[in-house]
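This is what each chain is made of:
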Amino acid sequence: MTGKVYLVGSGPGGLGLLTLRAREVIDQADVILYDQLPGEDVLATLPERAEKIDCGKFGGKHTLEQDDIEALMVTKAREGKKVVRLKGGDPFLFGRGGEELEVMREHGIPVELVSGVTSALAVPGAVGIPLTHRKYASQVTILTGHEEPGKAESGLDWENLAGNPGTLVILMGVKNIPDITRSLVDHGKDPDTPVAIIERGLRPDQRVTVGTLRTIADLSKSRNVRPPAIIVIGDVVRLYREDEPGLVPM
Ligand code: SAH
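Quick caveat: nothing in here was measured; it's all calculated off a predicted structure.

Chemist: Even after reading the chapter, I still don't get the site of the ligand, so can you show me in this structure?
Modeler: Near the ligand you find 19 residues, and of these Leu-93, Thr-118, Ser-119, Gly-201 and Ala-229 are the closest. At 2.8 Å, a backbone N or O of Leu-93 approaches a nitrogen atom of the ligand. Between a nitrogen atom of the ligand and a main-chain N or O atom of Gly-201, the distance comes to 2.7 Å. Here the ligand has 540 Å² of accessible area as a free molecule, and 94% of this is covered by the chains. Looking at the shell around the ligand, the elements with two or more residues in it are helix H5 (119–126) and strand E10 (229–233). Split by residue class, the shell around the ligand holds 11 nonpolar, five polar and three charged. Looking at which domains feed residues into the shell around the ligand, each of domain 1 (4–114) and domain 2 (119–239) supplies at least three.

Chemist: I tried to follow a nonpolar patch on the surface on my own but got confused; where do I start?
Modeler: On the surface, a cluster of nonpolar side chains totalling about 310 Å² of accessible area is made up of Phe-94, Val-140, Ile-142 and Met-172. Within the secondary structure, Val-140 is located in strand E6 (residues 140–144). The partly exposed category is assigned to Val-140, whose relative accessible area is 32%.

Chemist: Which parts of the structure should I look at to understand the sheet that holds strand E9 (residues 207–212)?
Modeler: What holds strands together in a sheet is hydrogen bonding between their backbones, with the strands either parallel or antiparallel. Taken in spatial order, the five strands of this open sheet run E6-E7-E10-E8-E9, and their pairing is mixed. If you trace the sheet from one side to the other, it starts and ends with E6 and E9, each paired once. Across the sheet, the axes of successive neighbouring strands diverge by a mean angle of 20 degrees, strand direction being ignored. With six bridges connecting them, strand E8 (residues 194–199) and E9 associate as antiparallel partners. Looking at E9, one finds that Ile-197 is bridged to Thr-209. In the packing of H5 onto the sheet, the strands contacted are E6, strand E7 (167–171), E8 and E10, and the crossing angle to E10 comes to about 75 degrees.

Chemist: Quick question: what am I supposed to make of the domain arrangement of the protein chain here?
Modeler: Many descriptions give the size of an interface as the accessible area lost when the pieces come together. By domain assignment, the protein chain separates into domain 1 (4–114) and domain 2 (119–239). Measuring from the centre of the C-alpha atoms in domain 1 to the corresponding centre in domain 2 gives 28 Å. The partner domain 2 presents 14 residues to the 10 residues of domain 1 that form the contact. Summing both sides of the interface, domain 1 and domain 2 together bury roughly 820 Å²; the carbon and sulfur share of this comes to 76%. Joining domain 1 to domain 2, the criterion identifies zero salt bridges. Between the two partners, domain 1 and domain 2, sit two residue pairs in polar contact (both at pLDDT 80 or more). Grouping the constituent residues of the side of domain 1 that touches domain 2 by class yields seven nonpolar, three polar and no charged.

Chemist: How should I be thinking about the packing of helix H3 (residues 66–78) against helix H4 (residues 97–106) in this particular structure?
Modeler: Packed helices, taken two at a time, are described by the angle their axes make and the gap between the axes. Packing of H3 against H4 leaves a shortest axis separation of 10 Å and a crossing angle of 45 degrees. As summarised for this structure, H3 and H4 are arranged oblique, according to the angle between their axes. Note on packing geometry: the crossing formed by H3 with H4 is right-handed. Mapping the contact onto sequence places Gln-66, Ile-69, Glu-70, Met-73 and Val-74 in H3 and Glu-99, Glu-100, Val-103 and Met-104 in H4.

Chemist: Can you help me understand H5 in this one?
Modeler: Listing the buried residues of H5 in full gives Ala-120, Ala-122, Val-123, Pro-124 and Ala-126. As for H5, its buried residues are in contact with E6, E7, E8 and E10. Two residues or fewer past H5, Gly-128 is found with a positive phi of approximately 85 degrees.

What counts, and at which threshold
Residues numbered from 1 in each chain as written. Predicted model: local features only at pLDDT ≥ 70, side-chain atom pairs only at ≥ 80, totals over all residues. Heavy atoms only, no water. Near = heavy atom within 4 Å. Polar contact = N/O pair within 3.5 Å; in protein donor to acceptor, adjacent residues only side chain to side chain. Areas by Shrake-Rupley, 256 points an atom, 1.4 Å probe, with all protein chains shown as cover. Helix = DSSP H or I, 4+ residues; strand = E, 2+ residues; numbered from the N terminus. Nonpolar A, V, L, I, M, F, W, Y, C, P; charged D, E, K, R; others polar. Domains from an automatic or database assignment. Patch = residues over 30% accessible without salt bridge, like charges linked within 9 Å, V, L, I, M, F, W, Y side chains within 5 Å. Salt bridge = Lys/Arg side-chain N within 4 Å of Asp/Glu carboxyl O. Buried < 20%, exposed > 50% of the residue type's maximum accessible area, 1.4 Å probe, protein only. Pairing = 2+ DSSP bridges. Axes fitted to C-alpha atoms, helices over the stretch in contact; angles between N-to-C directions. Contact = heavy atoms within 4.5 Å. Buried area = accessible area lost by both parts, 1.4 Å probe. Parallel < 35°, antiparallel > 145°, perpendicular 65-115°, else oblique. Left-handed = near helix turned anticlockwise from the far one by under 90°.

Structure follows, in structure tokens:
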């Protein structure tokens, strides 16, 4: 009898934004394949009885390669087990959940998606930056900053991004901040466009750095900005208040 794979989003960190369905499937899991992005609070509550497999860190070296993770999911499900693949945020937004779904389909393994609160929305929100606002932005683009601008086969259209009047939200972008900001300005975006970087959002050591397209690369270097972090570019950043306590309990 084939088991089932649950692609589970943990939310951006902390137990408060873990969904009830995520809690339920985690608590009933036979096997949990996790990485570090869900955060310590969530990882500390994984059930004793489940087999827990650490798949590696965010952004850095992976303990297991993606192919190995997928192969393990298939093997464990074939053994009839309830397999939870636990990811930060939402599994289908830069979480490789899409690839895992395809592999499970190829092997005829049933899948349930348990959507999570994505960091792309919740992390800016937690520091008082809404992604849309009638006065500032009527559209939002979420993109990966992992691709180096200028790369021949880039999936990103920098001209389009620079001309885009809405908010840009960049995940996995810390390493490429200088290239990203330069590329946007080179393609015509106003260098005075406000930018915020939120590191470790919704964690006790959350930190915000605010500047403009012109200044943010130097600022992030001098402040030693590290992943995981969300970069928000656009006029909505003007709503950030440095002296305001976080908008959500942490
Ligand atoms: N599926 C996830 C994103 C995975 S990609 C989601 O929906 O949130 C990993 C990237 O997510 C990181 O490089 C960072 O850009 C962002 N990220 C995830 N959690 C974060 C957090 N708590 N604070 C800041 N950035 C976070």
